[in-house]
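Now for the letters of each chain:
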Amino acid sequence: MSFYTFMGALEQGFAYALMALGVYLTFRVLDFPDLTVDGSLPLGAAVSATWITTGGDPYVSIALGVVAGMVAGWVTAFLATKLKILHLLASILTMIALYSVNLRVMGRPNITLLTEPTVFAPLEGRGLPNHILYPLVFAAVVLVCGVLLWWFLHTELGLALRATGDNPAMITAQGVNTTFTVMLGLALSNGLVALSGALVAQSQGSADVGMGVGTIVAGLASVILGEALVGDGSVGRALVGVVLGSVVYRLAIATALSVRFGDLALTPSDLNLITAVLVVVALGVPGLRSKLLRRRAVA
Amino acid sequence: MIQVEGLIKIFHRGSVNENVALSGVDLHVADGDFVTLIGSNGAGKSTLLNAVAGAFPVDAGAIRIDGRDVTRLPEHVRARDIGRVFQDPLKGTAASMTIEENLAIAARRGLRRGLARGVRGGDREEFRALLATLGLGLENRLRDPVGLLSGGQRQSITLLMATIRRPKILLLDEHTAALDPKTAHLVMDLTDRLVERDRLTTLMVTHNMEQALRHGNRTIMMHRGRIILDVSGEERRGLTVKDLLDKFHEVRTDDEGLSDRMLLA
């Protein structure tokens, strides 16, 4: 792997770590498998890119993208809590709907931002080459968001949110409306995912309606890798793990793409299969192992 | 004070599984009363407790707590006035969160939860003192996840959580049934201490007749969704477990007699 590829993987790792933090918030903290992210990531990108191409400020475009993502998360939470639709299905419905919404927002399947002003533009040309600057910017954003998330999860509201995922009966008995905490959690999560999408669009110079495919799987892979690497003993550890997991995941993919097995070389189009297999192994192996151990113990 | 009037709850209404869990229950629990609630399986004890807590809407009747009609209030709103301990020791605490975080959640019951720190410096001293009264050594384990603790320890913490902010009523749903006898004894001792300390209006469901007579100042027996026995004061003091069992058999036989008659008719 070349230094450029390495820095590229690092940039992606940090960029999508924001998304992975969102997935951690729903999947692990709230115990709500939320597939909305496949739609809210391109939504953030679409809103941001559209705002910029119509002459808007790139910073404002990110704020708008985040708000749009939060609304998307709220919609999924509404379907699941108020209309009692199974959480997984509720999120799939929002995700599907967002595909149309994203096309409407952009007015076409993709928008190029190469000649437009982005939040990265003012930082460019100040001595640091882009392949070093971009990963640094993303790392800084991840650091800020990670610290904010850690702080929030230790506030009164944050404790209520964590307890909602851990034990809804208990937190209800303590006077908390779980409908509210689920809505809050999903809005925050999808806000982070949309932020990730908006920043990715601005850094890679385009927003595409298909850029969200497989987001949830990549997010899960990061969360699970993080748990394997640093454990999930506390919120702080888990958050560090998620970021680390995201970076390791992108590095692993970059590595996989650079190896050849005889005539067979992996292409980016194989990534979803690889990631899916990775997640299946990570989710399935612990269960299989304990089953095997039990069987051995019996024999 | 709890006032229950004409409470009716029918599960699976209109289906083959229709089950009249409460068929017109009237109950008045005065301030500071500690009522023990007994009855066979399916008698409606837990249903009554859950109806008061607001776990489901009732089909008819009214529930008032300290004079305020709560019949139509959702569970989390009623929770402001209610301390609860469940039968399952795992149900009252969040396993992945620390002891101090669990207690901090309970310390804000009924208050607005905002962006202030969940566990504040001052809280820790209070929690440590409370935990020390348990005599389980938990006062030095504030930052341990609750999931590491035993069922008895978790149930003790749940009791502290239910009473850390004085509730208007305390609802205990067979909260010692899942514990070994020794631990159950410890948890009952703690229950008595806490109820006495705050003079809590308490409703305790139990399967254990001896427990039902030894604790509290009033005992109620339910059968088929109705209250069939309500004793307190002198009358209760003279009551033995055998008396309660006799009463049980009496109503059982009545039932059988009734169904026989129905079959013959």
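You'll find the structure just up there.
Residues numbered from 1 in each chain as written. Chains lettered and ligands numbered in written order. Predicted model: local features only at pLDDT ≥ 70, side-chain atom pairs only at ≥ 80, totals over all residues. Heavy atoms only, no water.

**Regarding the overall build of chain B**
For chain B, the count of helices and strands is nine helices and ten strands. Relative to the 2.2 N^0.38 estimate, which gives 18 Å for 265 residues, the radius of gyration of chain B is 20 Å and therefore close to what a compact globule would have. By principal-axis analysis of the C-alpha atoms, chain B measures approximately 70 × 40 × 35 Å. Of all intrachain contacts in chain B linking residues separated by at least 6 positions in sequence, the fraction that spans at least 24 positions is 69%. Split by element, the accessible area of chain B, about 12300 Å² in all, is 49% carbon and sulfur. Put simply, chain B has 38 plus and 36 minus side-chain charges, and the middle of one group is 7 Å from the middle of the other. (Helix = DSSP H or I, 4+ residues; strand = E, 2+ residues; numbered from the N terminus. Rg over C-alpha atoms; globule rule 2.2 N^0.38 Å. Contact = heavy atoms within 4.5 Å. Areas by Shrake-Rupley, 256 points an atom, 1.4 Å probe, with all protein chains shown as cover. Lys, Arg positive; Asp, Glu negative; His and termini not counted. Charge placed at Lys NZ, Arg CZ, Asp CG, Glu CD.)

**A short note on the overall build of chain A**
Scanning chain A for helices and strands turns up eleven helices and four strands. Relative to a compact globule of 299 residues, whose C-alpha radius of gyration would be 19 Å, chain A shows 20 Å and is just as compact. With the C-alpha coordinates of chain A rotated into their principal frame, the extents come out at 60 × 50 × 35 Å. Taken over 299 residues, chain A has a buried fraction of 52%. Partitioning the contacts of chain A with sequence separation of at least 6, the portion at a separation of at least 24 is 77%. Of note, chain A has its 15 positive side-chain charges centred 11 Å away from the centre of its 14 negative side-chain charges. (Buried < 20%, exposed > 50% of the residue type's maximum accessible area, 1.4 Å probe, protein only.)

**Some words on the nonpolar core**
With 78 residues, the main nonpolar core has V23, Y24, L153 and L199 of chain A as its most contacted residues. A per-element tally of this core places helix α1 (residues 3-29) of chain A first, with 16 residues. In this view, L153 of chain A contacts Y24, L25, V29, G158, L159, L161, R162 and V235 of chain A; residues no more than four positions away in its chain are not counted. L142, L159, M161 and L179 of chain B belong to the second-largest nonpolar core, a separate cluster that totals 42 residues. (Core = buried A, V, L, I, M, F, W, Y, C linked by side-chain atoms within 4.5 Å.)

**Here we look at the pairing of strand β9 (residues 218-223) of chain B**
Regular strands place side chains that alternate from one sheet face to the opposite one. Residues and elements named next belong to chain B. In terms of burial, β9 is a largely internal element, six of the six residues being buried. Along β9, one buried face is formed by R218, I220 and M222 and the opposite face, lined by T219, M221 and H223, is buried too. As judged from the five bridges shared by strand β3 (residues 34-39) and β9, these two strands associate in the parallel manner. By the bridge assignment for β9, L37 is matched with I220. (Pairing = 2+ DSSP bridges.)

**Overview of the interface of chain A and chain B**
Of the residues lining the interface, 21 residues belong to chain A; the matching set on chain B comes to 32 residues. At the boundary of chain A with chain B, total buried surface from both sides reaches about 2100 Å², with 59% on carbon and sulfur atoms. In this assembly, chain A and chain B are joined by three salt bridges. Two residues, R120 of chain B and E156 of chain A, come together in a salt bridge whose shortest N-O distance is 2.2 Å. Elements that contribute at least two residues to the side of chain A that touches chain B include exactly α5 (130-152), α6 (156-166) and α7 (168-173) of chain A. With seven residues, the single largest contributor to the side of chain A that touches chain B is α6 of chain A. Residue composition of the side of chain A that touches chain B, by class: eleven nonpolar, seven polar and three charged. (Buried area = accessible area lost by both parts, 1.4 Å probe. Salt bridge = Lys/Arg side-chain N within 4 Å of Asp/Glu carboxyl O. Nonpolar A, V, L, I, M, F, W, Y, C, P; charged D, E, K, R; others polar.)

**Topic: the environment of G110 of chain B**
Tracing the sequence through the fold places G110 of chain B in the loop between α3 (99-107) and α4 (121-132). Along the primary structure G110 of chain B and R124 of chain B are separated by 14 residues, whereas in three dimensions their C-alpha atoms are 20 Å apart.

**Here's the deal with a nonpolar patch on the surface**
Together, L86, L88, L89, I92, L93 and I96 of chain A line one region of the surface with nonpolar side chains, adding up to about 510 Å² of accessible area. Tracing the chain through its elements places I92 of chain A in helix α4 (residues 87-106). (Patch = residues over 30% accessible without salt bridge, like charges linked within 9 Å, V, L, I, M, F, W, Y side chains within 5 Å.)

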